[in-house]
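# Structural characterization, general
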Amino acid sequence: MSFSGALLSQITDGLVDVGYVVIPDTFSAYEVAALAADCRQGWRNGLFHAAAVGRGEQERIAPDIRADHVRWLDMETATPHQLTYLDKMESLRQSLNQSLYLGLLELETHFAIYPEGAFYKRHVDNFRGTGQRQITTILYLNEQWQLGDGGELRIYLDESNADSYIDVPPRAGTMVVFHSPRFYHEVLPAKRERMSLTGWFRTR
Ligand SMILES: O=C(O)CCC(=O)C(=O)O
Ligand SMILES: [Fe+2]
């Protein structure tokens, strides 16, 4: 299972042109519903944990910065739908390496649930020069997300101008891809439960 050539080109072109892309309907409604069901089931079964901020000795739970809960995916426990997702993401990794010579080695990816009221304050996923996260990907799993439900991903386009941003509603099937070190971003408070699959392509 791989992403279509058209979708792969749309992503690579966007990364080259402006550094990020927002694409609706990257997965079928059926696939998204199945992933959302996996997400909910993992939540009910207690497989999520509060997401942390910071690294190493600084790592801590900080609900004033982020209040989402996450569950990492792994090959051993992946359902068929999660394997389809991982296969498609693998096709993206290969395509990015071929077109952009990024040398991406692997994807780390987790489900995230933002309970009602949760947010994630402005941050970068990878500080310049410190880490291996090169490309951030987010697939949203929320059917019927309405204007007014909040939970938008705010991507800051110019870090020296707080007024220059785009807001992305976390609608089912929408995927966002961006250069991790390049964009500050935040998740605005969600007014209903908000689910996603977030991934980072890493180098060593
Ligand atoms: O879910 C989103 O829209 C973004 C999540 C995020 O920024 C992160 O997990 O680092
Ligand atoms: Fe982030």
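Use the structure listed above.
Read on for a plain summary of the structure. Computed from a prediction, not measured in an experiment: that's the story for all the values here. (Residues numbered from 1 in each chain as written. Chains lettered and ligands numbered in written order. Predicted model: local features only at pLDDT ≥ 70, side-chain atom pairs only at ≥ 80, totals over all residues. Heavy atoms only, no water.)

## What to know about the sheet that holds strand 1 (residues 20-23)
Strands sit in the order 1-11-8-13-6-5-2 across an open sheet of 7 strands; the sheet is antiparallel. Looking at the sheet topology across the chains shown, the edges are occupied by strand 1 and strand 2 (49-50). Bridge count between strand 8 (residues 133-140) and strand 13 (residues 194-202): 7 bridges; the pairing is antiparallel. By the bridge assignment for strand 13, Thr136 is matched with Trp200. Across the sheet, helix 1 (residues 5-17) is in contact with strand 1, strand 8 and strand 11 (175-179); its angle to strand 1 comes to roughly 145°. (Pairing = 2+ DSSP bridges. Helix = DSSP H or I, 4+ residues; strand = E, 2+ residues; numbered from the N terminus. Contact = heavy atoms within 4.5 Å. Axes fitted to C-alpha atoms, helices over the stretch in contact; angles between N-to-C directions.)

## Details of unusual backbone geometry
Backbone geometry places Asp25, a non-glycine residue, at a positive phi of 55°. Considering the arrangement of structural elements, one finds Asp25 in the loop between strand 1 and helix 2 (29-44). Here Asp25 falls in the exposed class, since its relative accessible area comes to 63%. A positive phi angle, close to 60°, is found at Gln144, a residue other than glycine. (Buried < 20%, exposed > 50% of the residue type's maximum accessible area, 1.4 Å probe, protein only.)

## Some details on the site of ligand 1
Taken together, 13 residues lie around ligand 1, and His123, Asp125, Tyr140, His185 and Arg194 are the ones closest in. A distance of 2.8 Å separates an oxygen atom of ligand 1 from a polar atom in the side chain of Arg194. When residues of the shell around ligand 1 are traced back to their parent elements, those giving at least two are strand 7 (120-123), strand 8, strand 12 (185-187) and strand 13. For the shell around ligand 1, the leading source of residues is strand 13, giving 3 residues. Tallied by class, residues from the shell around ligand 1 come to 7 nonpolar, 3 polar and 3 charged. (Near = heavy atom within 4 Å. Polar contact = N/O pair within 3.5 Å; in protein donor to acceptor, adjacent residues only side chain to side chain. Nonpolar A, V, L, I, M, F, W, Y, C, P; charged D, E, K, R; others polar.)

## A few points about helix 1
Compared with the 18 Å implied by 1.5 Å per residue over 13 residues, the 18 Å span of helix 1 between its first and last C-alpha is a close match. Among the residues of helix 1, those classed as buried are Leu7, Leu8, Ile11, Thr12, Gly14 and Leu15. Buried residues of helix 1, seen end-on, are gathered within an arc of 160° and therefore sit on one face of the element. Turned more than 90 degrees away from the buried face of helix 1, the exposed residues are Gly5, Ala6, Val16 and Asp17. Tucked inside the fold, the buried residues of helix 1 contact strand 1, helix 3 (80-100), strand 8 and strand 11. (Expected span 1.5 Å × (residues − 1). Arc of directions from axis to C-beta.)

## Comments concerning helix 3
Taking 1.5 Å of rise per residue, the 21 residues of helix 3 would be expected to cover 30 Å, and the 30 Å separating its terminal C-alpha atoms lies within 8% of that figure. All of the buried residues along helix 3 are Gln82, Thr84, Tyr85, Leu86, Lys88, Met89, Ser91, Leu92, Arg93, Ser95, Leu96 and Asn97. Buried positions along helix 3 lie against helix 1, helix 2, strand 6 (106-114), strand 8, strand 11 and strand 13. Of the residues flanking the end of helix 3, it is Tyr101, one or two places downstream, whose phi is positive at about 55°.

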